[in-house]
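The primary structure of each chain is shown beneath.
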Amino acid sequence: DTGVSQDPRHKITKRGQNVTFRCDPISEHNRLYWYRQTLGQGPEFLTYFQNEAQLEKSRLLSDRFSAERPKGSFSTLEIQRTEQGDSAMYLCASSFLTGGYGANVLTFGAGSRLTVL
Amino acid sequence: SQKIEQNSEALNIQEGKTATLTCNYTNYSPAYLQWYRQDPGRGPVFLLLIRENEKEKRKERLKVTFDTTLKQSLFHITASQPADSATYLCALDPDRGSTLGRLYFGRGTQLTVWP
């Protein structure tokens, strides 16, 4: 297992374009998270899946953002009609937690850096 | 809403000294508090965690304390080395049987260890 993989690592796009990021979590993990991080800030929660169910979405996740996790495997995060304020590092993380009890230790990917011109 | 503060944006210390990083939080009662390390351009990497009923936890040169009365965690790196230079993030872990399961991160403290 090579850990959490994210693709692409870097994406430069023009305002108004759509972008999609992909995350491949650790195969044994049932939970998958998307966080966003801007320079000098900590990661901010966007959304999370348990298996294929999207259980929570942050208010940060506007209608332009959509995330999917078909069949509970990899996940995609799509941003439509990108704005300059969307420029950030998009981090994917996975964990294994059942029953909601116990420490939720996240394994992060290297991130996908988005620059919107 | 919950608020997490890490003592300073940057901490510079000399090699061999002990680095002490502070994480304060309000409006929350986490079941666990976690610490992560983040290098430039990379995702955070888990270091260690401490439970609400634990006072202190150690792992090699790392030590973390947790005071739920003060709502504060201290993270210590003893005998610091230049390779310890990175940003250190604290994160609140709600647990308590919730299906939510998100972690709440502080903005981090950038540690620089100079020779």
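Computed from a predicted model, the values in this text were never measured in an experiment.

(A) Expanded view of the overall build of chain B. Counting its regular elements, chain B contains zero helices and 11 strands. Its helices and strands taken in sequence order, chain B reads β-β-β-β-β-β-β-β-β-β-β from the N to the C terminus. For a compact globule of 115 residues, the expected C-alpha radius of gyration is about 13 Å, and chain B comes in at 14 Å, within 12% of that figure. Along the longest, intermediate and shortest principal axes, the C-alpha atoms of chain B span 45 × 30 × 20 Å. For chain B, with 115 residues in total, the buried portion stands at 45%. Across chain B, the fraction of contacts at a sequence separation of at least 24, relative to all contacts at a separation of at least 6, is 56%. Surface exposure of chain B reaches about 5600 Å², of which carbon and sulfur atoms provide 48%. For chain B, the distance from the average site of its 15 positive side-chain charges to the average site of its 12 negative ones is 1 Å.

(B) Just the sheet that holds strand S8 (residues 75-79) of chain A, in detail. All names here are of chain A. What the four strands build is an open sheet, ordered S1-S3-S8-S7; its pairing is antiparallel. A single partner strand is all that each edge strand has here, and the edge strands are strand S1 (5-7) and strand S7 (65-68). With strand direction ignored, the average angle separating the axes of adjacent strands in the sheet is 15°. For strand S3 (residues 19-24) and S8, the ladder comprises five bridges, and the chain directions are antiparallel. Across the sheet, the residue bridging to Val-19 is Ile-79, located in S8.

(C) Spotlight on the packing of aromatic side chains. Scanning the entire structure with this criterion turns up 14 aromatic pairs over all chains. Summarising the aromatic geometry, the rings of Trp35(B) and Phe75(B) are spaced 4.8 Å apart at their centres and angled 20° between planes, so their arrangement reads as stacked. Residue Trp35(B) is found in strand S4 (residues 32-38), and its partner Phe75(B) is found in strand S8 (residues 72-77); the two are separated by 40 residues along the sequence. Taken as a pair, Trp35(B) and Phe75(B) share a single burial class, namely buried. Directly above the ring of Phe74(A) sits Arg22(A), whose terminal nitrogen or CZ lies 3.9 Å from the centroid.

About the criteria used
Each chain has its residues counted from 1, following the order in which its sequence is written. Chains and ligands are labelled sequentially in the order written, the chains with letters from A and the ligands with numbers from 1. Reporting in this predicted model follows two pLDDT cut-offs: at least 70 for local features of residues, and 80 or more for side-chain atom pairs to be given and counted; totals over whole chains, interfaces and linings ignore these cut-offs and use all residues. Side-chain numbers here rest on the full set of heavy atoms in the structure, without hydrogens or water. Only DSSP runs of H or I with at least four residues qualify as helices, and only runs of E with at least two residues qualify as strands; both kinds are numbered from the N terminus onward. The reference for a compact globule is 2.2 Å times residues^0.38; the radius of gyration itself is calculated from the C-alpha atoms. Think of it in three bands: residues with accessible area under 20% of the maximum for their type are buried, residues over 50% are exposed, and the middle band is partly exposed, with areas taken using a 1.4 Å probe on protein chains only. Note on contacts: a residue pair is in contact if any heavy atoms of the two residues lie within 4.5 Å. Note on areas: Shrake-Rupley with a 1.4 Å probe; residue coverage comes only from the protein chains shown. Charge counting treats Lys and Arg as positive and Asp and Glu as negative, with His and both chain ends excluded. For charged residues, the charge sits on one atom: NZ in Lys, CZ in Arg, CG in Asp, CD in Glu. Paired strands, in this sense, are two strands between which DSSP finds at least two bridges. Helix axes are fitted to C-alpha atoms over the stretch in contact, other axes to C-alpha atoms as well, and angles between N-to-C directions run from 0 to 180 degrees. Each aromatic pair joins two rings of Phe, Tyr and Trp (for Trp, the six-membered one) with centres within 6.5 Å, and gets the label stacked for planes under 30 degrees apart, edge-to-face for over 60, and tilted for any other angle. Each ring is checked for a lysine NZ or an arginine CZ that lies within 6 Å of its centre and within 35 degrees of its normal; such an atom marks a charge sitting over the ring.

Treat this as a map of the structure, not an account of what it does.
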